[in-house]
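# Coordinates in review
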Amino acid sequence: MESSAIIAAVLSVVNTSRLIVHLFQRQMQRNRARRQRKLREDMNYERGTDLSQSTGPRPVEIMVSMGHVDPVERRFWARETSTDWWDRIVLQVWDESQWLRNFRMRKGTFLELCDLLSPALKRQDTRMQAALTIQKRVAIALWKLATPDSYRSVANQFGVGKSTVGVAVMQVAHAIIDLLLSKVVTLGDVQVIIDGFSAMGFPNCGGAIDGTHIPILGPDHQGSQYINRKGYFSMVLQALVDHKGRFTNINVGWPGKVHDARVFKNSGVFRRLQQGVYFPDRKITVGDVEMPIVILGDPAYPLMPWLMKPYTGALDTEKELFNYRLSKCRMVVECAFGRLKGGWRSLLTRSDLSQTNIPIVIAAFCVLHNLCESKGETFMAGWEVEANRLAADYAQPDTRVIRRSQRDAVHIREALKATFQSERGNQ
C-alpha cells in the first residue's frame, strides 16, 4: 500500500475516533443536564414537605450548579415516593383486607389505637424538623412488629430514616405499656371466665397458664443464662389466659435457661394466688372436698390447691379422662401463643433489641393481641402456615416435670377425677 493511502486511512481512523469521543461527550453533557434538571424538579417538589425551615437554594443545589459534586442518585428521592405511598395510597386507597394483612388490624381498629396512644405520642414541630404524625409512627411500629422485615426495608417503605424506625417502635411500645397494659391485660369478669371453662369441661377454673420462649440475639452480659435447652438464646414469656385465649396476666424477662416452674414461683401472680387474693373467694364442693377457683398448668407446674395439672406415669381410665378434660381446657393458652406469634411474626425471629427493651416490646405484643381479639380481628390462615415455618428454627424446649404435691391439692384432683368419671357414667 502506498504511503499516501496509509496516511489517508490513519486520518480516517483518527477522525472517526474524534467523532465518537465528541458524540460521547455530548451524550454525557445531555445526561448530566438531564440529571441536574431532574434534581431541581425533585428539590422543588420536596420543598412542599421539607423538614427544614430555611429558604433559598440549599448548599447541595449550589454545589451541583457549580459542577463541584454529582447529583444525588435517584434512589435517595425514592423516599419521597414512599411518603406519598403512605399518605395517598395506604390511608386513602387500601381496603380492609390490605390493612389486615399488613398491620394485623382493620383501619378502624388502627385509628382507634392511634387515638388511645395519642396522649403519649404527641410531638411538637421544631425549627429543624416536623414531627411524624401519630398515625405514621404507629404504622411504622406495627409494620416492623408484624413482619420480619429489616429496619432499612421498613424505612424505605415509609420514606424515613433507618433510625427513625427503631425510635418509632420503642415510642409506640412504651406508649402501649404506659396507657393500655393495665386496661387491656386484666382479669375482667371472673364469673364469665369460669362459665367459659365450665362449658369446656372443667369446673371453677379461672385460667390456663404456660410459658413460651422468644428468640433473641445473644446478650453481651450473662449470655449463657439465656441459652435454653434447645440451644438458642431466648427470653421467657409466662402468660395466664382466659377461656377465649386473651391474656389476663403476663410476666416477661426471665432468661431462657430458667425453668417455667421457677419463673412461676417468682412471679406476682403466684404470690397473689398463694395468698388467696387473685381470685374472689368462690369455692365449690367436689365430692366431699372444697375447691377454690383454680388455674390449669402442664406437668412442669407444681400441684397446688389452686393449680391443677395432669397425672403423669401409669394412667388408668379415670386419670386419662381427667387429663383429657384438663388438656382440652389448657389448650387455650397454647392457641393464644400460636395466634400471638402468628400475628406478630417478629416474635419468631431473633430480636436485636436490648435486654431492657425486649420485655417492653413483648408486653406490647400481648396488649395488641388482646386488642385485636376483643375487636374480632380475623386471623388469616396463611399467618399460621408462615408462623409454623419460622417457628421450626426455634423449637420450644421440653419442660421437665417437678414432682411436688400438697395433700389438699391431691385430694382436690382425686375428687375431680372421680366426679368426671361419675359424670361420664351418667351420660
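Refer to the structure above for everything that follows.
Notes on the structure in this doc start here. Treat the numbers as computed from the prediction; the structure is a model and nothing was measured.

## Concerning the sheet that holds strand E2 (residues 234–241)
Ordered by their spatial adjacency, five strands build an open sheet running E3-E2-E1-E6-E7, and the pairing between neighbours is mixed. A single partner strand is all that each edge strand has here, and the edge strands are strand E3 (247–255) and strand E7 (307–308). Of the pairings in the sheet, the one linking strand E1 (residues 205–215) to E2 comprises eight bridges and is antiparallel in character. Paired with glycine 211 across the two strands is glutamine 238, which belongs to E2. Its contacts with the sheet place helix H13 (residues 317–343) against E1, E2, E3, strand E6 (294–296) and E7, and it is angled at close to 45° to E1.

## Concerning the packing of aromatic side chains
In the structure shown here, the tally under the stated rule is 25 aromatic pairs. Ring geometry for tryptophan 99 against phenylalanine 103: centres 4.9 Å apart, planes inclined by 40°, an arrangement best described as tilted. Taken together, the positions of tryptophan 99 and phenylalanine 103, both in helix H4 (residues 96–103) and four residues apart, correspond to about one turn of that helix. You can call tryptophan 99 buried: its relative accessible area is 0%.

## As for helix H7 (residues 151–158)
Within the sequence span of H7, burial applies to Tyr151, Val154, Ala155 and Phe158. Burial along H7 is one-sided: seen end-on, the buried residues are contained in an arc of 105°. Positive phi shows up at glycine 159, right after H7, with a value of about 70°.

## Brief notes about the nonpolar core
By size, the foremost hydrophobic cluster in this structure holds 103 residues, and its most contacted members are Phe202 and Trp344. With twelve residues, helix H14 (residues 357–374) is the largest single contributor of residues to this core. With near-sequence residues (within four places) excluded, phenylalanine 202 lies in contact with Phe197, Met291, Val294, Leu296, Met308, Phe322, Arg325, Leu326, Cys329, Leu416 and Phe420.

Calculation rules
Residues numbered from 1 in each chain as written. Predicted model: local features only at pLDDT ≥ 70, side-chain atom pairs only at ≥ 80, totals over all residues. Heavy atoms only, no water. Pairing = 2+ DSSP bridges. Helix = DSSP H or I, 4+ residues; strand = E, 2+ residues; numbered from the N terminus. Contact = heavy atoms within 4.5 Å. Axes fitted to C-alpha atoms, helices over the stretch in contact; angles between N-to-C directions. Phe/Tyr/Trp six-rings, centres within 6.5 Å; stacked < 30°, edge-to-face > 60°. Buried < 20%, exposed > 50% of the residue type's maximum accessible area, 1.4 Å probe, protein only. Arc of directions from axis to C-beta. Core = buried A, V, L, I, M, F, W, Y, C linked by side-chain atoms within 4.5 Å.

Just distances and angles here, no functional claims.
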